[in-house]
Amino acid sequence: MNAIVVRLSSSPFTPILEYSMTIVSNDPSWWPLINASLISSYFIVAGSVAIIYDWGLTLGKEIELIWRQRWSLMTFLYLSVRYAGIGFAVIIILFSVPTISMTDAVSLNMYNAYDWISVVIEPLLGVIIIARLHAMYQRSRKVLIFLVVIFLAITITNVVIPAISTTLITGEEFVLSGTYECIFDFGGDSLFLDSTTWILGTVWEVLTLCLAVWIALKHFRELRQHSTSGIIGDCFTVLMKTHVSYFVSFLAVSCFEIGAFSPTISANPYSLESQSYAGFSQIFQSVQLFVLGPRLILGVREYHAELVANSDTASAMTSIAFQERVHVSTGSSV
């Protein structure tokens, strides 16, 4: 069953909606919606396949660098994000493919599960970012307190808002020309609430990127002045590569979100262009959360493992590889 998200009050098909029973229709007037749902499902499946493919691609590294290592907070965060992503991929396929039949209640529950996975994963990724910045700022307590206070304020708001939005959502099952659809009605101020969470998320991502870039430039400048680089310079390079990749993906999603308000896209939400636009946005969001998110940890641990294999001074990288309570033994601890 494909989850078609529309506001019923503005839908051209509103007059025939009946919440007491499943609507069955072969009316050609529904074909634009059916075609839109088919196009949307192709992109959703592609994004889900990307998540599962990346998991299979990195499974060997995951076993070696995550499962066989000492368990820590970062181990828990990595596994939570990685395997929630797989669950996310399965759920979104089940309620988005129009050839899969579900009742309106089941589809609504699956939509809520899909929505809440994103709500839960974003704070987990925030904790990973805080841990990285805390290490990069030489375990500064002031930086940690600053980040935690802002993070908690944004996270609490972004959890309360979806909780409110969930109570406003209703859905109805449709069988249209042999395809199964579920049309959701977002009542009240759901669009405003969703925009608020997006704005707060953007503020957090921009803040953390600025802090990461600033401390990285500062360290690179100090290393250049002292004509040294080595492990510390290399580890900052690894951290910045993974962080910038993650932020670029977030920036792409944000641009798609803003562009969705353009008259060209919003004028005909069932057109090929609009559905393709929304599809690419969905793919970028899935990659950001469930591919680049876990790689924030895996990339650093992989670098640490290579350092252990190739250098006797690998212990200097220990704390930046998220081994808690161990400090870098060089002049510039991270």
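(A) Examining the environment of V127 more closely. In this structure, V127 sits in helix α3 (residues 104-136). Taking the C-alpha atoms as reference, V127 lies 8.3 Å from L77; in sequence the two are 50 residues apart. For V127, the contacting residues outside a window of four places in its chain are L73, M74, L77 and F151.

(B) Just the nonpolar core, in detail. Membership of the largest hydrophobic core comes to 53 residues, with the highest contact counts inside it found for F95, I121 and L133. When contributions to this core are tallied by element, the ones reaching two or more residues are α1 (31-67), α2 (73-96), α3, α4 (141-168), α5 (190-225), α6 (230-259) and α8 (272-310). The leading source of residues in this core is α3, at 13 residues. Filtering out sequence-adjacent residues up to four positions away, I121 remains in contact with S80, V81, A84 and F290. Core analysis: the second largest hydrophobic core is formed by 9 residues, I23, F174, L176 and Y270 among them.

(C) Local environment of the packing of aromatic side chains. Taken as a whole, this structure holds 11 aromatic pairs when the rule is applied. With 6.2 Å between their ring centres and 75° between their planes, W55 and Y83 make a pair best called edge-to-face. Taken together, the residues W55 in helix α1 and Y83 in helix α2 connect sequence positions 28 residues apart. You can call Y83 partly exposed: its relative accessible area is 32%. Taking the centre distance of 4.9 Å and the plane angle of 70° together, the rings of F256 and Y277 count as edge-to-face. Taken as a pair, F256 in helix α6 and Y277 in helix α8 lie far apart in primary sequence, 21 residues in all. Note on F256: relative accessible area 17%, which makes it buried. Here the aromatic residues F88, Y111, Y114 and F290 are joined through ring pairs into a cluster of three or more.

(D) Expanded view of the confidence of the model for the protein chain. Per-residue pLDDT for the protein chain averages 78, and the proportion of residues at 70 or more is 80%. Mean pLDDT across the secondary structure elements of the protein chain bottoms out at strand β1 (residues 2-5), with 45, and peaks at α2, with 92. Contacts for the low-pLDDT stretch residues 1-20, under 50 throughout, to residues beyond four places or in other chains number 65 contacts. Segment residues 313-334: pLDDT under 50, and 61 contacts once partners within four positions in sequence are set aside and those in other chains are kept.

Definitions and cut-offs
- Residues numbered from 1 in each chain as written.
- Predicted model: local features only at pLDDT ≥ 70, side-chain atom pairs only at ≥ 80, totals over all residues.
- Heavy atoms only, no water.
- Helix = DSSP H or I, 4+ residues; strand = E, 2+ residues; numbered from the N terminus.
- Contact = heavy atoms within 4.5 Å.
- Core = buried A, V, L, I, M, F, W, Y, C linked by side-chain atoms within 4.5 Å.
- Buried < 20%, exposed > 50% of the residue type's maximum accessible area, 1.4 Å probe, protein only.
- Phe/Tyr/Trp six-rings, centres within 6.5 Å; stacked < 30°, edge-to-face > 60°.
- pLDDT = per-residue confidence, 0-100.

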